Amino acid sequence: MSQDMVVAMAQIIREIAQGRRFEFGRNWSSFLGVVDDDRLASAVDSLKAMLRVDDLHDRTFLDIGSGSGLFSLAAKKLGASVYSFDCDPQSVACTHALKQRYFPKCEDWIIEEGSALDADYLRRLGQFDVVYSWGVLHHTGAMWQALENVDSNVKQGGKLFLALYNRQPIISTYWVFAKKLYNKHPMSRPVLIFVHFLYPALPSVVIRYFEARKPPRGMSFWHDHLDWLGGYPFEVSTPKEVFDFYHEKGYQLDQIKTVGGRHGCNEYVFIK
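Residues numbered from 1 in each chain as written. Predicted model: local features only at pLDDT ≥ 70, side-chain atom pairs only at ≥ 80, totals over all residues. Heavy atoms only, no water.

Asks: Quick question: what am I supposed to make of the overall build of the protein chain here?
Replies: Looking only at helices and strands, one finds 11 helices and 7 strands in the protein chain. Relative to a compact globule of 272 residues, whose C-alpha radius of gyration would be 19 Å, the protein chain shows 18 Å and is just as compact. Counting only C-alpha atoms, the protein chain reaches 50 × 45 × 40 Å along its principal axes. Per-residue burial over the protein chain gives 50% buried out of 272 residues. Sequence-distant contacts, at least 24 apart, represent 75% of the contacts inside the protein chain between residues at least 6 apart. Just so you have it, the protein chain exposes about 13100 Å², and 57% of that area is on carbon and sulfur atoms. Charged side chains of the protein chain number 31 positive and 31 negative; the gap between the two group centres comes to 4 Å. (Helix = DSSP H or I, 4+ residues; strand = E, 2+ residues; numbered from the N terminus. Rg over C-alpha atoms; globule rule 2.2 N^0.38 Å. Buried < 20%, exposed > 50% of the residue type's maximum accessible area, 1.4 Å probe, protein only. Contact = heavy atoms within 4.5 Å. Areas by Shrake-Rupley, 256 points an atom, 1.4 Å probe, with all protein chains shown as cover. Lys, Arg positive; Asp, Glu negative; His and termini not counted. Charge placed at Lys NZ, Arg CZ, Asp CG, Glu CD.)

Right, here's the structure in full:
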């Protein structure tokens, strides 16, 4: 690990201690307790659908901000050679734990600590057939710089799969306030969790129940709820902003899934 990366990791630890950053790794560590074959199958199916593939044999897959490691695992299940990194040591440990559980002897799944804001580090990793970063780059504190940096990792003809928070006029400003409060003042968390469970979380849970739908992508309602409330740093974008950004770099939009005017992540697959 480079000296710059060591400094970056130390900064992250300080920000968590100061209430300026959510403990993503701690939340993912808890999520591992509910990961099972059904959740893995849902994760695999979501990758196949968005990437329009049946498998990833003979392809390389870079997971930027691997979190729990579930989607690195899903890519491995599809046959890819996988490279996973995260700036949170607990998230790196989660990814190692899933590898140990499912692919203990695998030699083409590399896991390490790294930052999407470290352009030199990303360039050293080289280029990949699929670069994946779901719900990560908007938490870096410098989203547009991170979006610029990851371009260096996409092969010509390769795919870039991103998910980024949707911009909502006025409401996004409220979420910045709520997330800052959640992290800075732990005593506020039970109230925030309860109030935002009633709305907007509960209506979506009820609708999903009556439609007999499972949580998307193999996720967990509880852990997603905490991630949404606490997920800070927090930046947002519109589909047009993201499309224009990568269109200027020569990318073509292959697939998009938006949340409309609601909160949540818009998903994009670009081809370079």
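That covers the picture; the talk isn't over yet.
Asks: Sorry, what's going on with the pairing of strand β1 (residues 60-64) here?
Replies: Each regular strand displays side chains that alternate between the two surfaces of the sheet. Counted residue by residue, β1 has 4 buried out of 5 residues, so it is predominantly covered. In this structure, β1 lies alongside strand β2 (residues 81-86), joined through 5 bridges in parallel fashion. Each residue of the ladder has a partner; that of L62, found in β2, is Y83. With helix α4 (residues 70-77) bridging β1 and its parallel neighbour β2, the resulting β-α-β unit is right-handed. Two elements, β1 and strand β4 (residues 128-134), share 3 bridges in a ladder whose sense is parallel. Along β4, the bridge assignment pairs D63 with Y132. (Pairing = 2+ DSSP bridges. Right-handed = clockwise from strand over helix to strand, strands pointing away.)

Asks: Before we go on, may I ask you to explain the side chain of H223 in this structure?
Replies: Tracing the backbone through its elements, the reader meets H223 in helix α10 (residues 221-230). A residue is classified by how much of its surface remains accessible, and H223, at 7% relative accessible area, is buried. In this structure the side chain of H223 is engaged in a polar contact, spanning 2.9 Å, whose partner is the side chain of S30. Each residue touching H223, except ones within four places of it in the same chain, is listed here: N27, S30, F31 and V34. (Polar contact = N/O pair within 3.5 Å; in protein donor to acceptor, adjacent residues only side chain to side chain.)

Asks: What is the right way to look at the pattern of salt bridges in this model?
Replies: Once the charged atoms of two side chains with opposite charge are near each other, the side chains can pair. All told, the structure shown has 10 salt bridges when counted by the stated rule. Note that K272 and D151 form a salt bridge whose closest N and O atoms lie 3.3 Å from each other. Taken as a pair, K272 in the segment after β7 (265-271) and D151 in the loop between α7 (143-150) and β5 (154-165) lie far apart in primary sequence, 121 residues in all. The partner of E241 in a salt bridge is R167, and the shortest N-O contact between them spans 3.3 Å. On the criterion of sequence distance, the pair formed by E241 in helix α11 (residues 239-247) and R167 in the loop between β5 and α8 (171-184) is long-range, its members being 74 residues apart. Under the relative-accessibility criterion, R167 is labelled partly exposed at 34%. Salt bridges sharing partners connect three or more residues here, namely R52, K159 and D254. (Salt bridge = Lys/Arg side-chain N within 4 Å of Asp/Glu carboxyl O.)

Asks: Teacher, can you tell me more about the pairing of β5 here?
Replies: Counting buried positions over the 12 residues of β5 gives 9, a clear majority of the element. As for the winding sense of the linkage, the β-α-β connection from β4 through α7 to β5 is right-handed. Bridge analysis of β5 against β7 gives 7 bridges, and the strand direction is antiparallel. Across the sheet, Y165 pairs through a bridge with C265, a residue of β7.

Asks: I keep staring at the state of the cysteines and nothing clicks. Help me out?
Replies: According to the stated counting rule, one finds 0 disulfides in the structure shown. Free of any disulfide, C94 has its nearest cysteine sulfur in C87, 13 Å distant. No disulfide involves C106; its sulfur sits 18 Å from that of C94, the nearest cysteine. Take C106: its relative accessible area is 15%, and that puts it in the buried class. (Disulfide = S-S within 2.5 Å.)

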